[in-house]
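A structural walkthrough
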Amino acid sequence: MTAAMMVMDDGAQLRTWTEGREISGEFPVVMVHGGPGVPDYLSPVSDVVEDLCLVHRYDQRGTGGSRWEGQHTIARHVQDLALLLDAWGRDRVVLVGHSFGTNMASYFLLAHPERVAGMVYLAGPFLDPWREADRRAQRARRTDEQQTRLDELDAIEVRTDAEEIEYLTLSWFTDHADPARAWDWALDSARTLRPINYPMNTQLNAAKRADPLEAHLDALREDLPSGTMIIGGDGDSRPADALRRLGARLDCEVTIIQEAGHSPWLEAPEQFRVAFRAAVGRQIGMSS
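Residues numbered from 1 in each chain as written. Predicted model: local features only at pLDDT ≥ 70, side-chain atom pairs only at ≥ 80, totals over all residues. Heavy atoms only, no water.

1. Points about the overall build of the chain
Counted only if it meets this: Secondary structure is summarised from DSSP: a helix means a run of H or I of at least four residues, a strand means a run of E of at least two, and numbering begins at the N terminus for each. We take the radius of gyration over the C-alpha atoms and set the globule estimate at 2.2 Å times the residue count to the 0.38 power. Buried, partly exposed and exposed residues are distinguished by accessible area as a fraction of the type maximum, computed with a 1.4 Å probe on protein chains only: under 20%, between the cut-offs, and over 50%, respectively. Should any heavy atoms of two residues lie within 4.5 Å, those residues are considered in contact.
When its secondary structure is counted, the chain shows twelve helices and eight strands. Expected size for 288 residues packed as a compact globule is a radius of gyration near 19 Å; at 18 Å, the chain falls within 12% of this value. Over its C-alpha atoms, taken along the principal directions, the chain stretches across nearly 55 × 40 × 35 Å. Here the chain, with 288 residues, has 54% of them falling under the buried criterion. In the chain, of all internal contacts separated by at least 6 residues, the share reaching a separation of at least 24 is 73%.

2. Let's talk about helix α10 (residues 240-250)
Which entries qualify depends on this criterion: Summarising the geometry, the arc corresponds to the directions from the helix axis toward the C-beta atoms.
The complete set of buried residues in α10 reads Ala240, Ala242, Leu243, Leu246, Gly247 and Leu250. With its buried residues spanning 150 degrees around the axis, α10 presents them on a single face. Where the residues of α10 are buried, they touch β6 (116-122), α9 (217-223), β7 (229-233) and β8 (253-257).

3. As for the state of the cysteines
We count it as follows: For this text, the term disulfide refers to a pair of cysteine sulfurs within 2.5 Å.
For the structure shown, the criterion picks out zero disulfides. Cys252 provides the cysteine sulfur closest to Cys53, a residue in no disulfide bond, and the two sulfurs are 20 Å apart. Given a relative accessible area of 13%, Cys252 falls into the buried group.

4. Thoughts on the packing of aromatic side chains
Two measures describe an aromatic ring pair: the distance that separates the ring centres and the angle between the ring planes. Basically, it comes down to this: Classification of ring pairs rests on two measures: the distance between centres of Phe, Tyr or Trp rings, Trp counted by its six-membered ring, which must be within 6.5 Å, and the angle between planes, read as stacked under 30 degrees, edge-to-face over 60 and tilted in between.
With the rule as written, the count across this model stands at four aromatic pairs. Geometrically, the ring pair formed by Phe272 and Phe276 is stacked, given 5.1 Å between the ring centres and 15 degrees between the ring planes. Of this pair, Phe272 and Phe276 are both found in helix α12 (residues 269-284), four residues apart, which corresponds to roughly one turn of the helix. Accessibility expressed as a relative area gives 0% for Phe272, which makes it buried. Residue class for Phe276 comes out buried when judged on its relative accessible area of 0%.

5. Concerning the pattern of salt bridges
Rules: Basic side-chain nitrogens of Lys or Arg form a salt bridge, by our definition, when they fall within 4 Å of a carboxyl oxygen of Asp or Glu.
This structure, assessed with the given rule, holds 24 salt bridges. Salt-bridge contacts for Asp51 lead to Arg277; the nearest nitrogen and oxygen are separated by 2.8 Å. Taken together, the residues span a long stretch of sequence, with Asp51 in the loop between α1 (43-49) and β4 (54-58) and Arg277 in helix α12 at a distance of 226 residues. Judged by its relative accessible area of 36%, Asp51 is partly exposed. Across the pair Glu132 and Arg135 runs a salt bridge whose closest N-O atoms are separated by 3.5 Å. Separated by three residues within a single helix, Glu132 and Arg135 lie in helix α4 (residues 131-141), roughly one turn from each other. What you see here is one network of salt bridges that share partners, running through Asp9, Asp10, Arg61, Arg76 and Asp80.

6. So, the sheet that holds β7
Definition in use: Strand pairing follows a simple DSSP-based rule, namely that at least 2 bridges must link the two strands. In this analysis, axes come from line fits to C-alpha atoms, helices being fitted only over the stretch in contact, and the angle between any two N-to-C directions falls in the range 0 to 180 degrees.
Taken together, eight strands build an open sheet; the order of strands is β1-β2-β4-β3-β5-β6-β7-β8 and the sheet is mixed. Where the open sheet ends on each side, the last strands, each with one partner, are β1 (2-7) and β8. The average angle at which neighbouring strand axes cross in this sheet is 20 degrees, direction not considered. Direction of pairing for strand β2 (residues 13-20) relative to β4: antiparallel, over a ladder of five bridges. Looking at the pairing, Thr16 lines up with Tyr58 of β4.

That's the geometry; what it means functionally is another story.
So, in structure tokens, the structure goes:
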């Protein structure tokens, strides 16, 4: 694996990684992590396909090793991705987005359809209506004591490190379907993905609401490459039916993995491996 800092047109430096193997005639994969406001966490997903293709990952500006302060916009992040493709020397790539990264990958596709050879959506994008079902599922997975503690921590303006880890763990463990392991997975994420860029989260979520993908579904369906796949988990707190509805609207295949949550590679690694390798393989130009 090669790590490198890439300089953007405004001087911002983004931390990137390249791994896997480059095969002549095959498209590389670029992974777009979610959040917004957390650094890249998709190394385990990259490991699943690194024998098939070259994989690029990066920390979005303002997260992890891509230190930056300023106003976050969808357009700025789309421009960053275009500049990264230029820096990597890639005319066309297969995009793999997870969670909010599926939204970002979609906005990139709408702006630069000529540069997207393939698309794999992981656990998203979730288009309305879905939020109320997600809230109900999250609340059902928390005890009354956990919900009370989450509310208490949420009301603290400046949390200590220990309070922040507890807050994030209480916020995130409901993403997972397996109650026996959900807390440990969330705790690990809370420890490794800090600090959260909360202004970035607020600004990009507001930008998404101001220009929702729902308003661009016709264009998105027109621009989506053949072979696009949506992969989700039936145990995600976000409703799998929303992904099925999206697949029908976009005329693309949907695979829902049983007993898996928002990060299906954790809870159902073998089922995820089969589905993800098939989705990537057919879009980079292979049948693996």
